[in-house]
Amino acid sequence: QVQLVESGGELVQVGASLRLSCAASERISEHALAWWRQAPGKEREWLAVINWRGSIRDYTDSVKGRFTISRDNTKNTAFLQMDSLRPEDTGVYSCGAHRNPVEEGFDVADAQAYESWGRGTQIIVSA
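Residues numbered from 1 in each chain as written. Predicted model: local features only at pLDDT ≥ 70, side-chain atom pairs only at ≥ 80, totals over all residues. Heavy atoms only, no water.

(A) Examining the pairing of strand 5 (residues 45-50) more closely. The element strand 5 is extensively covered by neighbouring structure, given that 5 of its 6 residues are classed as buried. Here strand 4 (residues 31-38) runs beside strand 5; their pairing, made up of 5 bridges, is antiparallel. Of the residues in strand 5, the one forming a bridge with tryptophan 36 is tryptophan 46. The antiparallel pairing of strand 4 with strand 5 creates a hairpin that spans 6 residues between the two strands, and glycine 41 there sits at a positive phi of about 75°. In this sheet, strand 6 (residues 57-59) lies alongside strand 5 in antiparallel orientation, the contact comprising 3 bridges. By the bridge assignment, isoleucine 50 is partnered in strand 6 with arginine 57. Connecting the antiparallel pair strand 5 and strand 6 is a turn made up of 6 residues, with glycine 54 showing a positive phi of about 80°. (Buried < 20%, exposed > 50% of the residue type's maximum accessible area, 1.4 Å probe, protein only. Helix = DSSP H or I, 4+ residues; strand = E, 2+ residues; numbered from the N terminus. Pairing = 2+ DSSP bridges.)

Spelled out as structure tokens, the structure:
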């Protein structure tokens, strides 16, 4: 399985931008990658997913138009560009990998679909 390490989280002000990185220990081709978030006192929620070729991207409604998921397979890294950050964006952001070589559909909001997870990186958005 792929090992993942997130980075880039920090304390920022409302309206700021951040880019998170998810570095993989090996080639991430043939893996869909997703970003999840767990806010304080909240359940973990799915935010965004990208297929292994980068041709398909999906987002949960709360981040559409503000967050952009991307990947660079040559560097074995996924990214989450976050703009117009709000206090409710505060939380621990984790990336997950789903092995899917033929790009069949799967339930992106099912945590059990992801075989690898990073430990997470914390973002605090100060009002």
